[in-house]
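Here's the letter readout for the chains.
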Amino acid sequence: MTQDATTDKAAERTILIADDDAPLRTRLARALEQRGYTVIAAGSVAEAMAYVDKPPGFAVLDMRLGDGSGLELVSALRKARPDIRIVMLTGYGNIATAVAAVKEGAIDYLAKPADADQIEAALMATGTRLPPPPSNPMPADRVRWEHIQRVFEQCDRNVSETARRLNMHRRTLQRILGKHAPKEQ
């Protein structure tokens, strides 16, 4: 076997975890190592970018890192290795960021806290079959909040423009944006 073939084989079970939450990153790294992966852990976009030259077969990326966005990593990794399987994690789940992540090349988008089983299932999922319906679908309040967040992001976080497009008073929108997302039941 040539050196390149050996390197390619090793990259197949290598996974990059980029998350600025050190305890989560460490716990996830341990769990994936127990499942047979070689784990590369990074706490920032800059640290993770060091591995773009020799990209792993898999990546689990946080949407918001201290020094940038995980979306930067998605596009860089996808350019370096088109067959990489990337799952995005976020504590700030909204539809707009999920759509952006998938458009950049992520295969799935999971809300934190996601466990190693969920992440591995997402990484290994194949085909275009739809997943089963959720056992507890998103409540209407949450759907409304997600829609407002998506329009807000599309308007470059401009409150006045978002309020105009949603046909609502700017102060009402500011109150909604100042609150946390409604709890999922």
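Because the structure is a prediction, the values reported are computed rather than measured.

1. A word on the overall build of the protein chain
Helices and strands together make up the secondary structure of the protein chain, namely 9 helices and 7 strands. As displayed, the protein chain has an accessible area near 11,200 Å², and 52% of this comes from carbon and sulfur atoms.

2. Some details on the packing of aromatic side chains
One pair of aromatic rings is described through two measures. These are the centre distance and the angle between the planes. Applying the stated criterion across every chain, the model contains 1 aromatic pair. Their ring planes at 85° and their centres at 5.7 Å tell us that tyrosine 37 and phenylalanine 58 sit as a pair that is edge-to-face. A residue pair is termed long-range when its members are at least 10 positions apart, and tyrosine 37 in the loop between α2 (22–34) and β2 (38–42) and phenylalanine 58 in strand β3 (residues 58–62) qualify at 21 residues. Residue classification places tyrosine 37 among the buried positions, given a relative accessible area of 3%. Its relative accessible area of 8% is what places phenylalanine 58 among the buried residues.

3. Notes on the side chain of threonine 162
Here threonine 162 is to be found in helix α8 (residues 159–166). The exposure class assigned to threonine 162 is buried, which follows from its relative accessible area of 0%. Apart from residues no more than four positions distant in its own chain, threonine 162 is found in contact with Ile148, Val151, Phe152, Cys155 and Leu173.

Conventions we followed
Residues numbered from 1 in each chain as written. Predicted model: local features only at pLDDT ≥ 70, side-chain atom pairs only at ≥ 80, totals over all residues. Heavy atoms only, no water. Helix = DSSP H or I, 4+ residues; strand = E, 2+ residues; numbered from the N terminus. Areas by Shrake-Rupley, 256 points an atom, 1.4 Å probe, with all protein chains shown as cover. Phe/Tyr/Trp six-rings, centres within 6.5 Å; stacked < 30°, edge-to-face > 60°. Buried < 20%, exposed > 50% of the residue type's maximum accessible area, 1.4 Å probe, protein only. Contact = heavy atoms within 4.5 Å.

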